[in-house]
Amino acid sequence: MARRLNPWRWVVLGLAALYFLVPLAASVIFTVDVPGQGITFDAYSQIVSTDGFGSSLLLSLELAAATIAIVLLLMVPAMVALRLGAPRLRPVVEVLCSLPLVVPPIAFVAGIATVLKWGPDYLSRTPLFETFVAIQNPSFPFVLVLAYVVMALPFVYRALDSGLRAIDVRTLVEAARSCGAAWPQALVRAVLPNLRGALLNASFLTLALVLGEFTVAQLLGFTPFAVWIYSVGGSQAQLSVAVSVLSLLVTWALLLTLAGLGGRTRTASSRG
């Protein structure tokens, strides 16, 4: 049976490779093959010098770092406490964390825009008015971080849940507590090192989400990296495709790096 399935496995892998590699190859050819000039890499050499490239990429990385920090600070203690103290509430928390997958992004951003428009009209004489202004600062729109935290909940929950299922959290916490560690110390020193792979997976998924998110940022009027790629594509099609190809290659490189780190973590833990 295994010998019969082996050729089909290669067929499926070959079809998947064609599905991903053919569009990528077509994009690369489009960026380097200029009619009348032949093969040229001007589209790639112009990326760094294009106006808005560095600022938009830096903004997306800052938003990603803030989103990763906040969502992990919220979810890790909550899920550990859920597993230790209230395991019966796990289905409820799973449903709540999965809601962002059900709500369309256009409806989600419409609700955010309505709240942002409502705030200055009704809170202009309260201290919260300054908060509404601060979270919409174009240099660092914190409102995008709040939106991305909500959108990343399903992916972070799944990654952390699979990591917590692989370890005995109760035994680790009780062992740390018996050695005199406080609850925060037990979490940091006993639980988190065993969740390294899950934390890396959650961080990568959140990073990919923030770098590729377009709808929320575009409709709220901000210009992170994905929106910048779209704006460049209106006037410089080859440059836009070149940036997209580089973004895809960087994402794949991060995925391979993450897979390597996860493999090393599992090997080190098995040896220990």
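Reading the values: rules and limits
- Residues numbered from 1 in each chain as written.
- Predicted model: local features only at pLDDT ≥ 70, side-chain atom pairs only at ≥ 80, totals over all residues.
- Heavy atoms only, no water.
- Buried < 20%, exposed > 50% of the residue type's maximum accessible area, 1.4 Å probe, protein only.
- Helix = DSSP H or I, 4+ residues; strand = E, 2+ residues; numbered from the N terminus.
- Arc of directions from axis to C-beta.
- Contact = heavy atoms within 4.5 Å.
- Axes fitted to C-alpha atoms, helices over the stretch in contact; angles between N-to-C directions.
- Parallel < 35°, antiparallel > 145°, perpendicular 65-115°, else oblique.
- Left-handed = near helix turned anticlockwise from the far one by under 90°.
- Nonpolar A, V, L, I, M, F, W, Y, C, P; charged D, E, K, R; others polar.
- Core = buried A, V, L, I, M, F, W, Y, C linked by side-chain atoms within 4.5 Å.
- Phe/Tyr/Trp six-rings, centres within 6.5 Å; stacked < 30°, edge-to-face > 60°.
- Expected span 1.5 Å × (residues − 1).
- pLDDT = per-residue confidence, 0-100.
- Salt bridge = Lys/Arg side-chain N within 4 Å of Asp/Glu carboxyl O.

Which residues make up helix α9 (residues 183-191), and what values go with them?
Residues Ala-186, Leu-187, Ala-190 and Val-191 constitute the buried set of α9. Relative to the axis of α9, the buried residues are bounded by an arc of 110° and lie together on one face. Opposite the buried face of α9, by more than 90 degrees, sit the exposed residues Pro-184 and Arg-189. Taken together, the buried residues of α9 touch α3 (53-85) and α8 (169-178).

Residue-level account of the environment of Arg-177, with values.
Structurally, the position occupied by Arg-177 is in helix α8. Once the C-alpha coordinates of Arg-177 and Trp-8 are considered, the two residues, 169 residues apart in sequence, prove to be 52 Å apart.

Can you explain the environment of Ala-64? Please cite residues and give values.
Looking at where Ala-64 falls in the secondary structure, it is placed in helix α3. On a C-alpha basis, the gap between Ala-64 and Glu-213 in space is 11 Å, while along the polypeptide they are 149 residues apart. The residues touching Ala-64, leaving out its near neighbours within four places in the chain, are Leu-207 and Val-210.

How would you summarise the packing of α3 against helix α10 (residues 196-212) if you had to cite specific residues and measurements?
The interhelical angle for the contact between α3 and α10, taken along N-to-C directions, is 140°, at an axis separation of 9 Å. On the basis of the axis angle, α3 is oblique to α10. When the axes of α3 and α10 are compared, the crossing they make is right-handed. Each of Ser-60, Leu-61, Leu-63, Ala-64, Thr-67, Ile-68, Val-71, Leu-72 and Val-76 in α3 lies in contact with α10, whose residues at this interface are Leu-199, Ala-202, Ser-203, Thr-206, Leu-207, Val-210 and Leu-211. When grouped by side-chain class, the residues that make up the contact of α3 with α10 number 12 nonpolar, 4 polar and no charged.

Can you lay out the nonpolar core for me, pointing to particular residues and giving the numbers?
One finds Met-75 and Leu-220 to be the most contacted residues of the largest nonpolar core, which totals 54 residues. Counting residues per element, the ones that place at least two in this core are α3, α5 (105-122), α7 (142-165), α8, α9, α10 and α11 (215-220). At 14 residues, the largest contribution of residues to this core is made by α7. If near-sequence neighbours (up to four positions away) are discounted, Met-75 is found in contact with Cys-97, Leu-153, Val-156, Tyr-157 and Leu-160. Counting 14 residues, the second-largest nonpolar core is a separate cluster that includes Val-32, Ala-43, Tyr-44 and Leu-239.

Residue-level account of the packing of aromatic side chains, with values.
Applying the stated criterion across every chain, the model contains 5 aromatic pairs. With a centroid separation of 5.9 Å and 10° between ring planes, the pair formed by Phe-225 and Trp-228 is classed as stacked. Linking Phe-225 with Trp-228, this pair stays in helix α12 (residues 225-233), spanning 3 residues, or about one helical turn. Put simply, the rings of Phe-53, Phe-225 and Trp-228 touch in pairs and so form one group of aromatic residues.

Tell me what's going on with α10, and back it up with residues and numbers.
With 17 residues, α10 ought to run about 24 Å at 1.5 Å a step, and its terminal C-alpha atoms sit 24 Å apart, in line with that. Among the residues of α10, Ala-198, Leu-199, Ala-202, Ser-203, Phe-204, Thr-206, Leu-207, Leu-209 and Val-210 are the ones counted as buried.

Could you give an account of the confidence of the model for the protein, with specific residues and numbers?
Summing up the model confidence of the protein, the mean pLDDT is 82 and the portion of residues at 70 or higher is 91%. No element of the protein has a lower mean pLDDT than helix α13 (residues 237-271), which averages 69, and none a higher one than α7, which averages 92.

Any details on the pattern of salt bridges? Residues and values, ideally.
This structure, assessed with the given rule, holds 5 salt bridges. Asp-161 is the salt-bridge partner of Arg-90, the closest N and O atoms lying 2.9 Å from each other. On the criterion of sequence distance, the pair formed by Arg-90 in helix α4 (residues 90-102) and Asp-161 in helix α7 is long-range, its members being 71 residues apart. The residue Arg-158 makes a salt bridge to Glu-94 at a minimum N-O spacing of 2.9 Å.

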